[in-house]
Amino acid sequence: LSYVEIYNELMFDLLTDVGVSEQSGDLHVVEDAKGSIQVKGLSNPIASSEEEALHLFFQGDTNRHVAEHALNKGSTRSHCVFTIHIECRSRVESNEKVIF
């Protein structure tokens, strides 16, 4: 899993132990050797169940920037990307894993 917030043209990791106010926001989007797009420095905690994934989602959601304005008292004022990386293994005798 990963959860990144884009706020005022900066990117923040919502699933790290470091608070958003303590982060510099200098995460960068890069292309890895396999051609996949990644955010360099973004934490990727592992959730082994739906319950754990939801817990991480809600934990990250509480870390988002929130500011009040005339039309919305709880406006997040940002955009976020929550990504789920799924890994599966064959049930037959195989060590091969596939990541979606």
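Before reading on, note that the structure itself is shown above.
Cut-offs applied
- Residues numbered from 1 in each chain as written.
- Predicted model: local features only at pLDDT ≥ 70, side-chain atom pairs only at ≥ 80, totals over all residues.
- Heavy atoms only, no water.
- Pairing = 2+ DSSP bridges.
- Helix = DSSP H or I, 4+ residues; strand = E, 2+ residues; numbered from the N terminus.
- Polar contact = N/O pair within 3.5 Å; in protein donor to acceptor, adjacent residues only side chain to side chain.
- Contact = heavy atoms within 4.5 Å.
- Salt bridge = Lys/Arg side-chain N within 4 Å of Asp/Glu carboxyl O.
- Buried < 20%, exposed > 50% of the residue type's maximum accessible area, 1.4 Å probe, protein only.

Regarding the pairing of strand E2 (residues 10-13)
At step 1: Bridge count for strand E1 (residues 2-7) against E2 is four bridges, and the pairing is antiparallel. Opposite Val4, over in E2, you have Asp13 as the bridge partner.
At step 2: Between E1 and E2, which follow one another and run antiparallel, lie two residues, and Asn8 among them has a positive phi close to 50°.

Considering the pairing of strand E4 (residues 37-40)
At step 1: Examined bridge by bridge, strand E3 (residues 28-31) and E4 share four bridges and lie antiparallel to one another. From the neighbouring strand, Val30 faces E4, where its bridge partner is Gln38.
At step 2: In sequence, E3 turns back onto E4 through a hairpin of five residues, with Gly35 there showing a positive phi of about 90°.

Digging into the side chain of Ser78
At step 1: Here Ser78 lies in the loop between strand E6 (72-75) and strand E7 (79-83).
At step 2: Of note is the side chain of Ser78, whose polar atom sits 2.7 Å from the side chain of Glu5.
At step 3: For Ser78, the side chain forms a polar contact with the side chain of Arg64, separated by 3.2 Å.
At step 4: Setting aside anything within four residues of it in sequence, one finds Ser78 in contact with Glu5, Ile6, Tyr7, Arg64 and His65.

Let's talk about the pattern of salt bridges
At step 1: Counted by the stated rule, this structure contains one salt bridge.
At step 2: Between Asp61 and Arg64 there is a salt bridge, with the nearest N and O atoms lying 3.8 Å from each other.
At step 3: Look at Arg64 and you get buried, because its relative accessible area is 17%.

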